[in-house]
Amino acid sequence: MKLLVATEFPPNASGGGPAVVRQMLKDWPAENLFWWSCLPETDGRFGQRVREHRCAAIPAKLYPQRKFTTLKSALLENVWSPGAANHLRRTLCELRPDAVWVIPHNWSIPPLHAAVTGTKSPCHVSLHDYVDVHDNPRRFGAERCVRLAWQADALYAGAATADAISQEMADDLQQRTGKAAAAIIRFGVESAELDALAATASTAPLNEIRIAYAGSILVEQEFALFVAALRRLREVNRRPIRLRFFGANAFAAAPWFDPAWMSVIGNLPEAELRAELRQCHWGFSPMALADADPRYNRFSFPTKFIAYLAAGLPVITLGHPESSVMKMAARYDVGCSTSAADVATLAAQLQSALAVAAPAERHGPEIIRCARVEFDAAAMRGKLYECFRQAAARRP
């Protein structure tokens, strides 16, 4: 069938959400895959091919990042968004896809809501994050974020089928919208990777401790706390501790960055990232220790946690006990899980965990069990494709 993906980001964008989408589309023929986005394609390194990509591009200087965010957000909502909605309507009319995969993300939400809600377009909706999280209320405006969140909920409730990124989010959405998620769809571990986890020996060097961090730093205070605890351990630990960063962020510009024991590998395609992660001993997955941003803390799920498991890495999980990732870490002994909020306590807990000579072997059985039960990519892909078929069956 002809599938149209409609979201903010282009096919080869970096980040956790785009990685989920590309993985789920692994078996979809490129000649039957179409894409609509608000941001243009700038880098094809991830290798996602589509038959046609149409873009109602947000002008780069208009995206509300740091300066004049209130004015820019008002222009996007009131001037750019109606034109983008018309662009999407024309795309739907001209391409006539059998099914539309709608992923409401940030500024794609207003045109998606205007063009899709109440129409006969056969849509499946995936929610990866709520829009009113992180710094968005300040950047976009608190009242505007409330409107965008309501529009995303309306897209979810009105879809033929829908999924969420975590069970916690699915339960929250059902309580508020009345619609049950057909599946939990998130980044997964492929069948070959599941089989290899038990057989592949770690390639990480034994003379040092390498800790990987993949993706953006969304909780800066918690990350600074972690670095301070590692710095204290480096003074007493017999084996050197090193941090390796993977992603497009300017990690080296952070005030805590120390090139003597930190290195930036950069933004890599998934296969290369996996190979690099296997040369580490641990992965680090933090969320906020406070619960000031509960819509993110409790309902979103970091892709990095799953990427570490797929590489066979035990995970150091730091966060509020009620956060989704901490609840997952409590169900499976996949590494070190802590809510320590001071340097001394965190350093002591990390010292105990990092003292294990072969952490991948120690936590390996639970890493495999967690990956198979919670993150089976092939099983999730099958459920998603069935949702697309159900949506397509409703096409007039």
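Residues numbered from 1 in each chain as written. Predicted model: local features only at pLDDT ≥ 70, side-chain atom pairs only at ≥ 80, totals over all residues. Heavy atoms only, no water.

Novice: Residues and numbers for the pattern of salt bridges, please.
Specialist: Under the definition given, this model contains 26 salt bridges. With a shortest N-O distance of 3.0 Å, Asp-132 and Arg-295 are connected by a salt bridge. Of this pair, Asp-132 sits in the loop between strand S5 (123-127) and helix H4 (136-140) while Arg-295 sits in helix H10 (residues 294-297), placing them 163 residues apart in sequence. A residue is classified by how much of its surface remains accessible, and Arg-295, at 19% relative accessible area, is buried. With a shortest N-O distance of 3.3 Å, Lys-327 and Glu-322 are connected by a salt bridge. Look at the salt bridges and you will find they share partners, linking Asp-132, Asp-153, Asp-172, Arg-176 and Arg-295 into a network. (Salt bridge = Lys/Arg side-chain N within 4 Å of Asp/Glu carboxyl O. Helix = DSSP H or I, 4+ residues; strand = E, 2+ residues; numbered from the N terminus. Buried < 20%, exposed > 50% of the residue type's maximum accessible area, 1.4 Å probe, protein only.)

Novice: Which residues make up the sheet that holds strand S7 (residues 183-184), and what values do they have?
Specialist: Judged by pairing direction, the sheet is parallel, and its seven strands sit side by side in the order S3-S2-S1-S4-S5-S6-S7 without closing on themselves. Edge strands, defined here as strands with exactly one partner in the open sheet, are strand S3 (52-55) and S7. Relative to S3, strand S2 (residues 33-37) runs parallel, the two sharing four bridges. What sits directly across from Ser-37, in S3, is Cys-55. Seen against the sheet, helix H15 (residues 377-392) touches strand S1 (3-7), strand S4 (99-103), S5, strand S6 (161-164) and S7 and runs at an angle of roughly 140° to S5. (Pairing = 2+ DSSP bridges. Contact = heavy atoms within 4.5 Å. Axes fitted to C-alpha atoms, helices over the stretch in contact; angles between N-to-C directions.)

Novice: Describe in detail the pairing of S2, supporting the description with residues and values.
Specialist: On a regular strand, each side chain points to the face opposite its neighbour's, so the side chains alternate between the two faces of the sheet. Counting buried positions along S2 yields five of five residues, so the element is predominantly enclosed. Direction of pairing for S1 relative to S2: parallel, over a ladder of four bridges. The residue bridging Val-5 from the neighbouring strand is Trp-35, located in S2. For the handedness criterion, the β-α-β arrangement of S1, helix H1 (residues 16-24) and S2 is classed as right-handed. (Right-handed = clockwise from strand over helix to strand, strands pointing away.)

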